[in-house]
Amino acid sequence: MIVLTEIDLYTPRQVIPAAALLIEGDKIVACGTMAEVRIPAEVQAFALPGKKVFPGFIDVHTHGLLGQDAFGHSLAEVIQSLPRFGVTAFLATTVTLPMAEIYTRLREMAAVLENPPSGANCLGIHLEGPHLSPKRPGSATAKWFHPLTQEEFESLQEAAGGKIRMITFAPEEGDALRLIPYLLEQGVIPVIGHSDASYELVAEAVSLGLAHATHTFNAMNPFHHRAPGVIGAVLAFPQITAQLIADGYHVHPGAMRALLNAKRPLGICLVSDSAPFAALPNGEYQWEGYRLLIEGETCHLPDGTLAGAHALLDTGFRNLIHLASLTPSQAATCAAEVPARALRMERGKGRLQPGFDADVIVMDDAYQVVMTIVEGKVLWRRE
Ligand SMILES: [Zn+2]
C-alpha cells in the first residue's frame, strides 16, 4: 500500500487541502482530509506537504517523444518515457506512410503491446491516416491518402492485433461517412480530422454517432459564417468532444479561449500531438524521409508547416491555466477526465476517487511533475 499525505488533492469538483490519498494494489481506496483517511500501519508513506495531486494525464494523440516514434517497435521506449511528463495512459498514434509500411509498423506495435514494458499504460492505437482529405493534409503526404473502406479497416485491425482503438478520418471521402456505425460496433472511436467536410455532412456524421474531433482548428476547413464547415460543427454540436493542442503555437490563445467558451472544459480533450522529436533540443532531424527542424518550442518542416508538437501534455496543462485562464481543476478535467470519457473509461480512469485506477501525478507550485504513479506503481520521481 502507498499513501500520499499533506497534499492538496484535486478531485473532480473540489480541492481538498491537507489531504491524503491511499492506494492499494492498482486502485485508489481512500482519499479525503488527513482526519478522514484511516492510514494503516504497514504502508509506504510519502509526505508531500503542499504538493498538488491530480489524476494522471491521458494523451489520446501522441506520436512519440525524445527521438522515439510511437509508430513501430520504438513504442516500447515511448511507453517508458511518458510518465515523467505526467502521462499515465495514452493512445500510440500513427502517421500516413505507404500502405505496406503501415502494415509493418502496426505489426511491430502489436508485438510491443503483447508484452509492454513498465511505463505509461498504452490503451491502444490511434490510426491517423491515410484516410484523410487531400485538401487538409497538414504535414502528412497527400499522395498516399485514400478513402476509408470496411475491408481495409478490417485488414489494418488484423495487422494491429485488434489494438486500433481510435481512427481519425475524413468522413466526406468516398463512402467513409457510412462506416461510423460499423466502427462504433467494433469498439473503435470514429474521429473527424484532416477534413474539408461541410457543416451539413458533419451534422449527418453526428446523427450516425460521431462524437470526437482531432486537433480542432488544425487541418480543417476554416470557419466562415455562411459556410461553417468542420469547425462550425465542432462548436455547434455538444455531442462532439474537441481535441485541442495547447502548445501555444498550433492554436492561438484567443482561439483556445473561444473554443473553451463554446465547449466548456467538459467538451475539450487536451492532446499533445507530440512529434517523435518532442522535448529534444533545437536542431535539424530526419523523420520518415522528412527534414524536420526544431526551433524554440516548435517542430516544423523547412517551409514552416508545423509537424506535430514539441510540447508534451504537461506543457498543455500549464498553458490551459496560464494562456486560457482555466483553474487547475478545469485543466485536469481536459487532460484526464475528458480523455477517459472519450475512451469510454470514465468509470475507472481520469479522476481521483475511491475505486478508480491509481493513476496519479504530483506537481509542485509551478505545475511541474515531481512524481508519477501508474496503476499503483511509482514510475517516476524528480531527483
Ligand atoms: Zn494530424
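Note that the structure is a prediction, hence the values are computed from the model and not measured.

Calculation notes
- Residue positions are counted from 1 within each chain, in the order its sequence is given.
- The model is predicted, so local features are restricted to residues of pLDDT at least 70 and side-chain atom pairs to those at 80 or more, both for listing and for counting; the totals for chains, interfaces and linings are taken over all residues.
- Side-chain measures were taken over the full set of non-hydrogen atoms in the model, leaving aside hydrogen atoms and water.
- Each helix is a run of DSSP H or I of at least 4 residues and each strand a run of E of at least 2, with the numbering of both proceeding from the N terminus.
- C-alpha atoms define the radius of gyration, and 2.2 Å times the number of residues to the power 0.38 defines the globule rule.
- Buried residues are those whose accessible area, probed at 1.4 Å on protein chains only, stays under 20% of the maximum for their type, while exposed residues exceed 50% and partly exposed ones sit between those limits.
- Contacts were defined at the residue level, with two residues in contact if any of their heavy atoms lie within 4.5 Å.
- None of His or the chain ends enter the tally, which takes Lys and Arg as positive and Asp and Glu as negative.
- Think of each charge as sitting on NZ of Lys, CZ of Arg, CG of Asp or CD of Glu.
- A domain assignment, automatic or from a database, supplies the domain bounds used here.
- Two parts placed together each lose some accessible area under a 1.4 Å probe, and the buried area is that loss summed for both.
- Any Lys or Arg side-chain nitrogen found within 4 Å of a carboxyl oxygen on Asp or Glu counts as a salt bridge.
- Counted as a polar contact is a pair of N or O atoms within 3.5 Å, where, for protein atoms, one must be capable of donating a hydrogen and the other of accepting one, and residues adjacent in sequence contribute only when both atoms are in side chains.
- By this definition, two strands are paired if DSSP reports at least two bridges between them.
- As a rule, the C-alpha atoms of each element are fitted with a line to give its axis, helices using only the stretch in contact, and angles between N-to-C directions run from 0 to 180 degrees.
- Expected span of a helix, by definition, is 1.5 Å for each gap between consecutive residues, and there is one gap fewer than residues.
- We define the bend at any residue as the angle between the axes fitted to the seven residues before and including it, ending there, and the seven starting there.

### Notes on the overall build of the protein chain
Regarding its fold elements, the protein chain presents nine helices and 22 strands. For 383 residues, the compact-globule estimate of 2.2 N^0.38 gives 21 Å, and the protein chain sits close to it at 20 Å. Along the first, second and third principal axes, the C-alpha set of the protein chain runs to 60 × 45 × 45 Å. Of all 383 residues assigned to the protein chain, the portion counted as buried reaches 58%. Residue pairs at least 24 apart in sequence account for 67% of intrachain contacts in the protein chain once pairs closer than 6 positions are excluded. Distance between charge centroids for the protein chain: 5 Å, based on 28 positive and 40 negative side chains.

### A word on the domain arrangement of the protein chain
For the protein chain, the assigned domains are domain 1 (2–53 + 353–381) and domain 2 (55–342). On a C-alpha basis, the centres of domain 1 and domain 2 stand 30 Å from each other. Between domain 1 and domain 2 lies a buried interface of about 1,500 Å² when both sides are counted; carbon and sulfur atoms form 62% of it. Considering only the side of domain 1, the residues that lose the most area to domain 2 are Tyr10, Ile361 and Tyr367, jointly responsible for 32% of the buried surface there. Taking the shortest distance from any N to any O, the salt bridge between Glu337 and Arg13 comes out at 3.6 Å. The interface formed by domain 1 and domain 2 holds four residue pairs in polar contact (both at pLDDT 80 or more) in total. Among the secondary structure elements, those contributing two or more residues to the side of domain 1 that touches domain 2 are strand 20 (360–363), strand 21 (369–374) and strand 22 (377–381). Per-element accounting of the side of domain 1 that touches domain 2 gives the leading share, four residues, to strand 21.

### Considerations on the sheet that holds strand 17 (residues 290–295)
Overall, antiparallel pairing links the four strands, which are arranged 16-17-18-19 in an open sheet. Each of the sheet's edge strands pairs with one partner strand only, and the pair in question is strand 16 (283–287) and strand 19 (306–309). In this sheet, neighbouring strand axes are inclined to one another by 30 degrees on average, regardless of whether the strands run parallel or antiparallel. By the bridge criterion, two bridges tie strand 18 (residues 298–300) to strand 19 in an arrangement that is antiparallel. Looking across to strand 19, one finds that Thr298 is bridged to Ala309.

### Comments concerning helix 9 (residues 328–342)
For helix 9, spanning 15 residues, the distance from its first C-alpha to its last is 20 Å, which sits close to the expected 21 Å at 1.5 Å a residue. Considering bend angle alone, the principal kink of helix 9 is centred on Cys334 and spans about 40 degrees. When you tally the buried positions in helix 9, you get 13 out of 15 residues, the bulk of the element. Phi for Arg344, located one or two positions after helix 9, is positive at around 60 degrees.

### Details of the side chain of Asp359
With respect to the helices, strands and loops of the structure, Asp359 is situated in the loop between helix 9 and strand 20. The exposure class assigned to Asp359 is buried, which follows from its relative accessible area of 6%. A polar atom in the side chain of Asp359 sits 2.9 Å from the backbone nitrogen of Glu375. Apart from the residues lying within four places of it in its own chain, the contact partners of Asp359 are Phe54, Pro55, Gly56, Thr88, Lys349, Leu352, Ile373, Val374 and Glu375.

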